[in-house]
Amino acid sequence: MNFDLPLELEAYLGELDAFIEAEIRPLEQADDNVRFFDHRREWARTDYDRGGLPRHEWEDLLGEAKRRADAAGHLRFPLPSEFGGRNGSNLWMAVIREHLAAKGLGLHNDLQNEHSIVANFPQVLMFRDFGTQAQKDEFIAGMLDGSRSICFGLTEPEHGSDATFMETRAIKAERDGIAGWRIDGEKMWTTGMHVASHVMVFARTSGKDGDADGITCLIVPAQAPGVKVEEYLWTFNMPTDHPRVSFTDVWVPETALLGAIGKGLELAQHFVHENRIRQAASSLGAADYCIRESVSYARERKPFGKALAVNQGIQFPLVELATQVEMLRLLIRKTAWEMDRMTKPEVARQLSDKVSMCNYWANRLVCEAADTAMQVHGGMGYSRHKPFEHIYRHHRRYRITEGAEEIQKRKVGAWMFGFAGPRKAKA
């Protein structure tokens, strides 16, 4: 049993640090780009004249950072080498994501809109594993060169965690002699629709409400007739790129089918474990940042003539948080290491509960760490001159998205008590 990080991984973290200092930090400081990260950040990112959408300047800056990261060989790191990646493993990605988040707020890693110089690209692997050759040729290449942007239409106004009860329907329909599908329904939180070229729409094509089978994934052009953005939903985090989208008599040809008919949930869950473990690592890194900043401040701040750090009322909450960080780091890395030794189906059968443990606890931990950091820093902690409120607002969403906290605890409970998972056959 060896808990040391591979020397190659430690060297790569150093390579990332050097790239950030040479390319990303100067870009962040140029032309007042720092306005997107200092106390002006929400105003600078939000275009109020366009209903709260992200400002073009903000998204252009993120695009330039990604172009530089791609040119340096970092952006596609987790992808297979056939797509220009470095075959990054789950363990390496967990360590990298923690490392980047632990640096605090910056252009290198701002997960308000899933931005990082080491990206994720889960949909590339969806097309690799489920797409036709024509779909692979169009969408994998397009996502990598930026000519295609695909958002995800699963959640609905009346159905979130209960995805098998979705009301969006797709029926076979021929138009102009071409076989295809007609889609009717609504989707919520279709993030990125304002710049998307296509949207993956999950719709029931057979079966009844509650059935896992019978849901199908169809690739719909974002500008297809009948596709309409009804409203952009403002959230705790700004700006908004999360719309409610309606699909009324939308028609697509049979070539729009992604994967097998009726097996759409397999696609929706295809990357859930990788996403959850990497997102947990990001929350862990952000929590560690909040704790370290609080310790440093408590040693410097001297109310009543003595360091704030001498007060056990300050020490004990940070001690408890630091203890959780240390324990969670071990579980995340062990789980990611085990994931690398299994196939995706094996991970789903044997490790899904551990991934859920990592994810829901990390997301809760970072919120508590950010809240504690605000308290330790007093009025300045509550202000936007410190990043803690931003960290809290961003990471609070992950207690709902990527599988709500309650859904993930239900998963763990089902495995513990033998209602699902490896113990089911023994129960």
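As a reminder, the structure under discussion sits directly above these lines.
Residues numbered from 1 in each chain as written. Predicted model: local features only at pLDDT ≥ 70, side-chain atom pairs only at ≥ 80, totals over all residues. Heavy atoms only, no water.

A. Region of interest: the overall build of the chain. A tally of regular secondary structure across the chain gives 13 helices and 12 strands. Scaling as 2.2 N^0.38, a compact globule of 427 residues should have a C-alpha radius of gyration of about 22 Å, and the chain matches this with 22 Å. Its C-alpha atoms put the chain at 85 × 60 × 40 Å along the principal axes. For the chain, buried positions account for 52% of its 427 residues. Intrachain contacts of the chain at a sequence separation of at least 6 include 69% that bridge at least 24 residues. With the model as given, the accessible surface of the chain reaches about 20,000 Å², and the carbon-plus-sulfur share is 53%. Computed over 54 positive and 60 negative side-chain charges, the inter-centroid distance for the chain is 5 Å. (Helix = DSSP H or I, 4+ residues; strand = E, 2+ residues; numbered from the N terminus. Rg over C-alpha atoms; globule rule 2.2 N^0.38 Å. Buried < 20%, exposed > 50% of the residue type's maximum accessible area, 1.4 Å probe, protein only. Contact = heavy atoms within 4.5 Å. Areas by Shrake-Rupley, 256 points an atom, 1.4 Å probe, with all protein chains shown as cover. Lys, Arg positive; Asp, Glu negative; His and termini not counted. Charge placed at Lys NZ, Arg CZ, Asp CG, Glu CD.)

B. The pattern of salt bridges, seen in detail. Evaluated as defined, the whole model comprises 41 salt bridges. Aspartate 32 is paired through a salt bridge with arginine 40; the nearest N and O atoms lie 3.0 Å apart. Look at aspartate 32 and you get partly exposed, because its relative accessible area is 35%. The partner of glutamate 405 in a salt bridge is lysine 409, and the shortest N-O contact between them spans 3.9 Å. Of this pair, glutamate 405 and lysine 409 both sit in helix H13 (residues 405-416), 4 residues apart, roughly one helical turn. Classification of lysine 409 as partly exposed rests on a relative accessible area of 35%. A network of salt bridges, in which partner residues are shared, links Glu98, Asp288, Arg292, Glu326, Arg329 and Arg333. (Salt bridge = Lys/Arg side-chain N within 4 Å of Asp/Glu carboxyl O.)

C. The packing of helix H4 (residues 90-101) against helix H8 (residues 272-300), seen in detail. For the pair H4 and H8, interaxial distance at closest approach is 7 Å and the crossing angle is 30 degrees. When the axis of H4 is compared with that of H8, the two are roughly parallel. Every pair of crossing elements has a handedness; the one defined by H4 and H8 is right-handed. On H8, the residues touching Asn90, Met93, Ala94, Arg97, Glu98 and Ala101 of H4 are Glu274, Ile277, Arg278, Ala281, Ser282, Leu284, Gly285, Ala286 and Tyr289. (Axes fitted to C-alpha atoms, helices over the stretch in contact; angles between N-to-C directions. Parallel < 35°, antiparallel > 145°, perpendicular 65-115°, else oblique. Left-handed = near helix turned anticlockwise from the far one by under 90°.)

D. Structural detail: the packing of aromatic side chains. Following the criterion strictly, the structure yields 13 aromatic pairs and no others. Considering the side-chain rings of phenylalanine 236 and tyrosine 392, the 6.1 Å spacing of their centres and the 90 degrees angle between planes classify their relative orientation as edge-to-face. In this pair, phenylalanine 236 is assigned in the loop between strand S10 (227-232) and strand S11 (243-253) and tyrosine 392 in helix H12 (residues 388-396), connecting sequence segments 156 residues apart. With a centroid separation of 6.5 Å and an interplanar angle of 45 degrees, the aromatic rings of tyrosine 289 and phenylalanine 388 are classed as tilted. (Phe/Tyr/Trp six-rings, centres within 6.5 Å; stacked < 30°, edge-to-face > 60°.)

E. Spotlight on empty space enclosed by the protein. According to the stated counting rule, one finds 1 cavity of 30 Å³ or more in the structure shown. When its volume is computed, the largest cavity comes out at roughly 150 Å³. Looking at the largest cavity, it is lined by 13 residues, and the ones nearest its centre are Leu105, Asn109, Leu111, Ile391 and His395. Only strand S3 (109-110), H8 and H12 provide two or more residues apiece to the lining of the largest cavity. In terms of residue count, H12 provides more of the lining of the largest cavity than any other element does, 4 residues in total. Class assignment for the residues of the lining of the largest cavity results in 6 nonpolar, 6 polar and 1 charged. (1 Å grid on protein atoms, 1.4 Å probe; cavity = no way out; pocket = protein on both sides within 12 Å on 5 of 7 lines; lining within 4 Å. Points joined across faces, edges and corners; volume = space filled by probe spheres on them. Nonpolar A, V, L, I, M, F, W, Y, C, P; charged D, E, K, R; others polar.)

F. Broad picture of unusual backbone geometry. For the bond from methionine 238 to proline 239, the omega torsion is -10 degrees, close enough to zero to count as cis. For proline 239, the position within the fold is in the loop between S10 and S11. Despite not being glycine, aspartate 32 has its phi angle at roughly 60 degrees, a positive value. Inspection of the secondary structure assignment puts aspartate 32 in the loop between helix H1 (7-29) and helix H2 (41-45). Phi is positive for aspartate 176, close to 55 degrees, though the residue is something other than glycine.

G. Quick peek at H12. Most of H12 sits out of view: 7 of its 9 residues are buried. For H12, the complete set of buried residues consists of Phe388, Glu389, His390, Ile391, Arg393, His394 and His395. Contacts made by the buried residues of H12 are with H2, S3, H8 and helix H11 (352-382).

H. Examining the environment of glutamate 21 more closely. Structurally, glutamate 21 can be placed in helix H1. When its relative accessible area of 48% is taken as the criterion, glutamate 21 is described as partly exposed.

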